[in-house]
Amino acid sequence: MADEPTQVQILEQLEKIIESEVFSASPRKQRFLRYIVEKKLAGEASSLKGYAIGVDVFERDESFDPQADTIVRVHARNLRKSLDLYYLTSGKDDLVRIEVPTGSYVPRFTVIDAAASTSDGSKSETPFCELQVEESTVRNLHNIWIKPALILLVFATVLLIAFLLSRDTQDGTNVFDQAAQMPSGPSVAIVPFEFVSARNADLSEQNFASLKFGLHYELVDKLSRFRDIVVLELNNDDIDQIMDGSIQAQFILNGAIRVTGGQLRVTSVLSKTSSGEVLWSRNYNRRLDSSANIFEIQSNLAADVAASLGKPNSKIHTRFEAEKSKLSEVHIDHYYCLMRFYVYVDHKTLQEHREIRACLEEATSHAPNFSTGFAALSRIYADEELSGFNFRPDAPPPMQRALNFALRSVSLDPENAMAHHHLAIAHFWRGDFAAFKESAKIALELNPNNTDILAQFGNFLIRLGEYERGKAIVEKAHLLNPTPSSWYYSSLTVYYYMTDDPENALKYAKKYKEYNTPLSNIYFITTLVQNNNIPEAKMAYKIFVEKNPRFPKVFEQVMNNPRYMTPLSIKIRDDLIVAGLTNAY
């Protein structure tokens, strides 16, 4: 081992690492390494704490809590692995070594002793061994022969590190590609169950609608967790298309819901589409005074369908039981609130946002272990900024609250796909795309066939420039949900807009416009410009700004933030200027 290198040597080594193949593709990793090295050289090592790094390197705001938000720790771990990989590959002959010891963010600089070289000028194995052996041990080995067993241990450790690094990279590539693959098992179409009882005093109008939709949503979500079942999410109007073969499905699941005297009765029927033969029919009866009772029906129904199709899975059944126990503390009215949230996602309104936000805040306060409630509230908070709904100027920034509640949801239930789904959304809209991908991978591993998850993540990948990968995932979502909500068309609008296919871009922008959010209107305007329909674009922009007078100023602020300066946002800005935007650039 040798002395500490000079400042010039350290800075030269820093540039060499940053320009290497291992680091060149990651500006954030480069910035992180440069920041901690320069702080150490400036004599400010004591300032290298999680909070300062989160704010200075990862652009977190002053409310950043490094204990709740793990971004610095995650990236520090990745930085250490990347440095190991660098010194195993292109930097294996470097004499200056930069390390970040585990448990600290303060870098360590060392020089490999030139005397450790062999007489012919080639390097000995000693520096190579230092990757794994304690410094005191290495000193003792300088003047003796290294035992063959130690050499084997070193090489085995190096191979393990290389394998783990390779696996991480491979997973990063494959998870999204695998998500685009259709399951190969039997296909079952799930149609919303009919409410056969009259709307009576047992349920309010809102609870009636939310229960019907929520049961359908939850049933689709649970069945889609069985990887070898093709679950098609349909509307009642789609049954004819199944019968005439327009939509391919081997089986159909439908049924009826009855509420009488505080009792919930769900009758379900699974039949073959080719012959109409009924495979089985079940009646589920529970009291309508506990969310756990309703959840038990959903879980049992999903398990019965899977077993009937020859795809039982004990692990998923165990997961159902765990979820049921977690919901036992959730009041039935709070459960209805969650069901209303599912409806809201497909049909957003200002009033529904306000009411559901208040309802979910009460629910999570009453039931502090309500993981799914915290995930839903994360999405609601994000919409304060994304949709301009019911903004609270006296509260922390909406996206910070969205992130905090999504993190809370994941901490309460690490196997909740919805929790990771909304955590990924929060990371994406905060501009932390690496963290978005990490959360997205977990959500997809937990539920690879949930159409909302697929559509959302495919959309985000397209926005990040991974056009073909994102489009493949979105197309799977459309296959599994042939009659989706209009927000599903955002992805295809962006895909064709960015790949210079104006006709298709406008086609899907018109479908997406039905969602009637600021973003759906913006895409409609910009695709009109792309099609050279300037008069209509100017008129659409004028109407849009009349309804959203703060937009030009807000857009200018967004474009002044470097993390939003993506090819998509720049293209949108240029086309909006053609349509009449004057306050930005």
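Only a predicted model underlies this, so the values are computations on that prediction, with no experimental measurement involved.

## Details of the nonpolar core
The biggest cluster of nonpolar side chains holds 131 residues, and the ones touching the most others in it are Leu-223, Leu-253, Leu-264, Phe-341 and Leu-576. Considering each element in turn, this core owes the most residues, ten residues, to helix 13 (residues 332–346). Here Leu-264 is in contact with Leu-211, Ile-257, Arg-258, Val-259, Tyr-284, Asn-285, Arg-286, Leu-288, Ile-294 and Ile-297, once residues within four sequence places are set aside. Judged by nonpolar contacts, the second largest core, of 26 residues, contains Ile-10, Leu-33, Ile-71 and Phe-109.

## Quick look at the pairing of strand 3 (residues 187–190)
Burial along strand 3 is two-sided: Ser-187 and Ala-189 facing one way and Val-188 and Ile-190 facing the other are all buried. Two elements, strand 3 and strand 6 (residues 251–260), share three bridges in a ladder whose sense is parallel. Following the sheet pairing, Ala-189 is matched in strand 6 by Ile-252.

## Here's the deal with the confidence of the model for the protein chain
In the predicted model, the protein chain carries a mean pLDDT of 80, and 83% of its residues have values of at least 70. Scored below 50 in pLDDT, residues 114–173 makes 41 contacts in the model with residues more than four places away or belonging to other chains.

## A short note on the pattern of salt bridges
This model, assessed by the stated rule, comprises 26 salt bridges. Between Asp-221 and Arg-225 there is a salt bridge; the shortest N-O distance is 2.9 Å. An identical accessibility class is assigned to Asp-221 and Arg-225; each is buried. Note that Lys-348 and Asp-383 form a salt bridge whose closest N and O atoms lie 3.0 Å from each other.

## A closer look at the packing of aromatic side chains
What the rule picks out here adds up to 23 aromatic pairs. Here Phe-544 and Phe-551 contribute two aromatic rings whose centre-to-centre distance is 5.1 Å and whose plane-to-plane angle is 70 degrees, an arrangement assigned as edge-to-face. Accessibility expressed as a relative area gives 12% for Phe-551, which makes it buried. Members of the aromatic cluster, connected to one another through ring pairs, are Phe-428, Trp-429, Phe-433, Phe-436, Phe-457 and Phe-460. The side chain of Lys-29 reaches across the aromatic face of Phe-23, ending 5.8 Å from its centre.

Reading the values: rules and limits
Every chain is numbered on its own, with residues counted from 1 as its sequence reads. Reporting of local features is limited, given that this is a predicted model, to residues whose pLDDT is at least 70; pairs of side-chain atoms are given and counted only at 80 or more, and all residues count toward the totals for whole chains, interfaces and linings. To get the side-chain values, all heavy atoms of the structure are used, and hydrogens and water are removed first. Residues belong to a common nonpolar core when they are buried Ala, Val, Leu, Ile, Met, Phe, Trp, Tyr or Cys residues joined through side-chain atoms within 4.5 Å. Remark: exposure states derive from per-residue accessible area (1.4 Å probe, protein chains only) relative to the maximum for the residue type, with buried under 20%, exposed over 50%, and partly exposed in between. Secondary structure elements are taken from DSSP: a helix is a run of H or I of four residues or more, a strand is a run of E of two residues or more, and numbering for both begins at the N terminus. Any pair of residues with heavy atoms lying within 4.5 Å of one another is described as a contacting pair. Whether two strands pair comes down to DSSP finding at least two bridges between them. Residue-level confidence of the predictor is summarised by pLDDT, bounded by 0 at the bottom and 100 at the top. Counted as salt bridges are all cases of a side-chain nitrogen of Lys or Arg within 4 Å of a carboxyl oxygen of Asp or Glu. Ring geometry is summarised as follows: Phe, Tyr and Trp rings, the Trp one being its six-membered ring, pair when their centres sit within 6.5 Å, and such pairs are stacked at plane angles under 30 degrees, edge-to-face over 60 and tilted between the two. Distance and angle both matter: a charge sits over a ring if NZ of Lys or CZ of Arg is within 6 Å of the ring centre and within 35 degrees of the ring normal.

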